[in-house]
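Chain by chain, the residues:
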Amino acid sequence: MGGRFIVFEGVEGCGKTSQMQLCCQWLQSNGIPVAVTREPGGTELGLELRRLLLEKSEDKPVAEVTELLLYAADRSQHVAQELKPNLAAGKYILCDRYTDSTIAYQGYGRGLNMSLIEQLNHIATGGLESDLTIWLDVDVEVGLARKRGSETKLDRIEQEAIAFHRRVQQGYAELAASYPFRIVRVDGSLSKEAVQQNIQGILRDCLKELP
Ligand code: TMP
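Residues numbered from 1 in each chain as written. Predicted model: local features only at pLDDT ≥ 70, side-chain atom pairs only at ≥ 80, totals over all residues. Heavy atoms only, no water.

On to the layout of surface pockets, then. By volume, the largest pocket amounts to about 850 Å³. The wall of the largest pocket is formed by 38 residues, among which E12, K16, R50, R97 and K147 lie closest to the centre. Those elements giving two or more residues to the lining of the largest pocket turn out to be α1 (16–29), β2 (34–38), α2 (44–54), α3 (64–88), α4 (99–109) and α6 (140–150). Sorting elements by how many residues they give to the lining of the largest pocket places α1 first, with six residues. (1 Å grid on protein atoms, 1.4 Å probe; cavity = no way out; pocket = protein on both sides within 12 Å on 5 of 7 lines; lining within 4 Å. Points joined across faces, edges and corners; volume = space filled by probe spheres on them. Helix = DSSP H or I, 4+ residues; strand = E, 2+ residues; numbered from the N terminus.)

Printed below as a string of structure tokens:
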């Protein structure tokens, strides 16, 4: 059986991390080899880039195109060092964010040029696309309130204005409409258990080998 590449996407506080953990336990309990990873920060180099990208410091501003290039650098390393080898080894990869995050955040959120973003995504991935992307859809306000309740300090991107986060949300909605076979929307406002049931149902439908 070949590997599978499953990505989780959504605005801040949409519940990706806990849903990925539950999904990992479910797959492993069915004897499926799983690798859980994330962007940015899925490699050692990527962890350094994640710190540079997400630390908020008034005296270390990050220009918008620099931000885009750092996410692309993180992705290029991640594809080469983690994603391709794990897929070749036949694993199910559960990945927290991938190319759609760049379209949503740097494209819709920052307003950077979409064709530049698409070119960089292509260079960084070498054309590797997810088999399935789960978009956990929650209201921006609900997600940010969850974050504020669970973290002592919001990171550089979480601290952006609400209008930025709304544009990101709009980006996900448009992406899901444009790629209905690759991106599946899940209502992230339901209980943790209900969201997980829905995700497992989608994975079973899309990936026929699952029990
Ligand atoms: P998270 O891993 O905690 O979800 O956060 C990573 C942050 O980085 C989140 O605010 C989204 C942002 N991000 C981008 O802006 N562009 C990208 O390409 C990726 C992968 C993440």
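Moving on: the site of the ligand. If you check the shell around the ligand, you find 14 residues, and the closest are E12, Y71, R97, T102 and Q106. At a separation of 2.9 Å, an oxygen atom of the ligand approaches a polar side-chain atom of K16. The contact in question runs from an oxygen atom of the ligand to an N or O atom on the side chain of R97, over 2.8 Å. Because more than half of its atoms lie within 2 Å of the grid, the ligand is assigned to the largest pocket. Taken together, the elements giving at least two residues each to the shell around the ligand come down to α2, α3 and α4. Among the residues forming the shell around the ligand, the class breakdown is five nonpolar, three polar and six charged. (Near = heavy atom within 4 Å. Polar contact = N/O pair within 3.5 Å; in protein donor to acceptor, adjacent residues only side chain to side chain. Sits in = over half its atoms within 2 Å of the grid points. Nonpolar A, V, L, I, M, F, W, Y, C, P; charged D, E, K, R; others polar.)

Once that is clear, we can look at the nonpolar core. Within the largest apolar cluster, 45 residues are counted, with the highest numbers of intra-cluster contacts made by L94, I134, I199 and L203. Ignoring sequence-local partners within four residues, the contact set of I134 consists of I6, V7, F8, E9, V184, V186, I199 and I202. Residues V7, A35, L87 and Y98 belong to the second largest nonpolar core, which totals 10 residues. (Core = buried A, V, L, I, M, F, W, Y, C linked by side-chain atoms within 4.5 Å. Buried < 20%, exposed > 50% of the residue type's maximum accessible area, 1.4 Å probe, protein only. Contact = heavy atoms within 4.5 Å.)

UniProt marks G10, V11, E12, G13, C14, G15, K16 and T17 with the feature "binding site: ATP" (unreviewed entry), using the numbering shown here. Among the annotated residues just listed, those lining the largest pocket are V11, E12, G13, C14, G15, K16 and T17. Along the polypeptide, E12 turns up in the loop between β1 (4–9) and α1. Among all residues touching E12, those that are not within four sequence positions of it are R97, Y105, G143, L144, K147, I157, E158 and H165. In this structure, K16 sits in helix α1. With a relative accessible area of 11%, K16 lands in the buried category. (UniProt positions renumbered as here; feature names shortened; annotations may be inferred.)

So, on to helix α8 (residues 192–206). Taking 1.5 Å as the rise per residue, α8 with 15 residues should run 21 Å; its terminal C-alpha atoms sit 21 Å apart, in good agreement. The complete set of buried residues in α8 reads V195, Q196, I199, Q200, I202 and L203. Mapping the buried residues of α8 onto a view down its axis gives an arc of 160°, with all of them on the same face. Along α8, the residues that are exposed and aim more than 90 degrees away from the buried face are E193, Q197 and D205. For α8, the elements touching its buried residues are β1, α1, β4 (132–137) and β5 (183–187). (Expected span 1.5 Å × (residues − 1). Arc of directions from axis to C-beta.)

Throughout the structure, instances matching the rule amount to three aromatic pairs. Seen from their ring centres, F5 and Y98 are 4.9 Å apart, and the 80° between their planes marks the pair as edge-to-face. Here the residue F5 occupies a position in strand β1, and Y98 occupies one in the loop between β3 (92–96) and α4, the gap between them amounting to 93 residues. One exposure class covers both F5 and Y98, and it is buried. Measuring from ring centre to ring centre gives 6.1 Å for Y105 and F164, while their planes differ by 55°; the resulting arrangement is tilted. In this pair, Y105 is assigned in helix α4 and F164 in helix α7 (residues 162–178), connecting sequence segments 59 residues apart. Taking relative accessible area as the criterion, Y105 reaches 5% and is therefore assigned buried. It is R75 that lies over the ring of Y98; its NZ or CZ is 5.5 Å from the centre. The ring of Y179 has R182 lying over it, and the distance from NZ or CZ to the ring centre is 5.0 Å. (Phe/Tyr/Trp six-rings, centres within 6.5 Å; stacked < 30°, edge-to-face > 60°. Lys NZ or Arg CZ within 6 Å of the ring centre and 35° of its normal.)

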